[in-house]
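# Descriptive structure summary
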Amino acid sequence: MPNRDVLKGDWLPNISVDCVIFGFQENQLKVLLLKFRNNEVWSLPGGFIGKEEDADDAAKRILWQRTGLENLYLQQFHTFGDLKRNIGAIEKHEEINLAMGRSFEDMKWLSHRYITIGYYALVEYSKVKVTLNDVSDDSAWMDVDQIPSLFLDHNVIVKTGLAHLRASIDTKLAAFNLLPETFTMSELQQVYETILGKELVRTNFQRKMLSLDILERIEKKYTGGAHKAPYLYRLDKKKAEAFLSSAS
């Protein structure tokens, strides 16, 4: 596990990490957002990179600090270095930092221009235990199509992360990371449809998933009803690894 404790004085200047954490709840794709302390400004979970820390390790550390989870599906998808992302935001930085009781030195350091590396993570929603800190005082899972106006360019980061997730849904088997260990074919299809934002033909989807030869059928999901119960499946990890190796 990467170093979990990086002191402020050991941060790299002008480089940050922002994480789009996707979860699947009540047939909706959701994003975890944090609210700045004593403000009504929402943002993505993020932080700075340690001077002796890899960027990927910084993202893993931030995710662990916010969700309590390790070994998550994590993808770096874009670096956001547009000059405009900080223009006009200095006053907002100062307003947020003053409300949190930060010093002038802190405000000066945090108000400088910095670029951020975007990552997205896929989590099983029920396992997440959100932890707040001295920067944030509230959290919320919000529908991906109902994201409010966020800090800086975080709305753009969410949209870009979603586009990358959609593009990799087949080649990286990303959707399976949003499901519990066992699932029905209809539950898997619902995740795909939610990510892609469109309906899929059931028979075609089932044929496609089975043709990948990565699913292990377990048993029938008995519900006590008179109708035929659906089968339960789980991802065969060895076959999935072979599939991912052949697709890369």
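The structure this text deals with has already been given above.
Fair warning: this is a prediction, and the values are worked out from it, not measured in the lab.

## Section: the packing of aromatic side chains
Applying the stated criterion across every chain, the model contains 10 aromatic pairs. For the pair Y125 and W141, a centre-to-centre distance of 5.2 Å together with 65 degrees between the ring planes defines the contact as edge-to-face. Of this pair, Y125 sits in the loop between β6 (115-123) and β7 (136-143) while W141 is found in strand β7, placing the two residues 16 residues apart along the sequence. Residue class for Y125 comes out partly exposed when judged on its relative accessible area of 25%. On the basis of relative accessibility, which here comes to 18%, the residue W141 falls in the buried class. Note on Y192 and F205: the rings are 5.1 Å apart at their centroids and 65 degrees apart in plane angle, and the pair reads as edge-to-face. In this pair, Y192 is assigned in helix α5 (residues 185-196) and F205 in helix α6 (residues 202-211), connecting sequence segments 13 residues apart. Each member of the pair Y192 and F205 is classed as buried. One aromatic cluster is present, formed by F22, Y73, F77, F80 and Y120 through successive ring pairs. The aromatic ring of Y231 is capped on one face by R217, whose charged end is 3.8 Å from the ring centroid.

## Considerations on the nonpolar core
The nonpolar side chains of a soluble globular protein tend to be buried with one another. Counting 40 residues, the largest nonpolar core has F22, V31, L165, F176, L188 and L215 as its most contacted members. Elements with a minimum of two residues in this core: β1 (11-25), β2 (28-36), β5 (73-80), β6, α4 (154-167), α5 and α6. Leaving out residues up to four positions away in the same chain, L165 has contacts with F22, L29, Y120, L122, A174 and I195.

## Thoughts on the pairing of β1
Judged from the four bridges that link them, β1 and strand β4 (residues 46-50) form a sheet pairing that is antiparallel. Looking at the pairing, W11 lines up with G50 of β4. In terms of strand pairing, β1 meets β6 through nine bridges, oriented parallel. Note on β6: the bridge partner recorded for G23 is V123. Bridge analysis of β1 against β2 gives four bridges, and the strand direction is antiparallel. Residue F24 lies in a different strand from β2, and its bridge partner there is L29. Hairpin connection of β1 to β2: two residues between the antiparallel strands, including E26 at a positive phi of 50 degrees.

## What about α4?
For α4, built from 14 residues, the straight-helix expectation of 20 Å at 1.5 Å per residue is met to within 8% by its first-to-last C-alpha distance of 20 Å. Along α4, the positions that sit buried rather than exposed are H154, I157, V158, T160, G161, L162 and L165. Packed against the buried residues of α4 are β1, β2, β3 (42-43), β5, β6 and α5.

## Comments concerning the pattern of salt bridges
Two side chains bearing opposite charge may form a pair once their charged atoms approach each other closely. One pass over the full model with this rule turns up seven salt bridges. Residues R61 and E53 are paired through a salt bridge, measuring 2.8 Å at the closest nitrogen-oxygen approach. Pair check on accessibility: R61 and E53 agree, each one buried.

So, how was this worked out
Residues numbered from 1 in each chain as written. Predicted model: local features only at pLDDT ≥ 70, side-chain atom pairs only at ≥ 80, totals over all residues. Heavy atoms only, no water. Phe/Tyr/Trp six-rings, centres within 6.5 Å; stacked < 30°, edge-to-face > 60°. Helix = DSSP H or I, 4+ residues; strand = E, 2+ residues; numbered from the N terminus. Buried < 20%, exposed > 50% of the residue type's maximum accessible area, 1.4 Å probe, protein only. Lys NZ or Arg CZ within 6 Å of the ring centre and 35° of its normal. Core = buried A, V, L, I, M, F, W, Y, C linked by side-chain atoms within 4.5 Å. Contact = heavy atoms within 4.5 Å. Pairing = 2+ DSSP bridges. Expected span 1.5 Å × (residues − 1). Salt bridge = Lys/Arg side-chain N within 4 Å of Asp/Glu carboxyl O.

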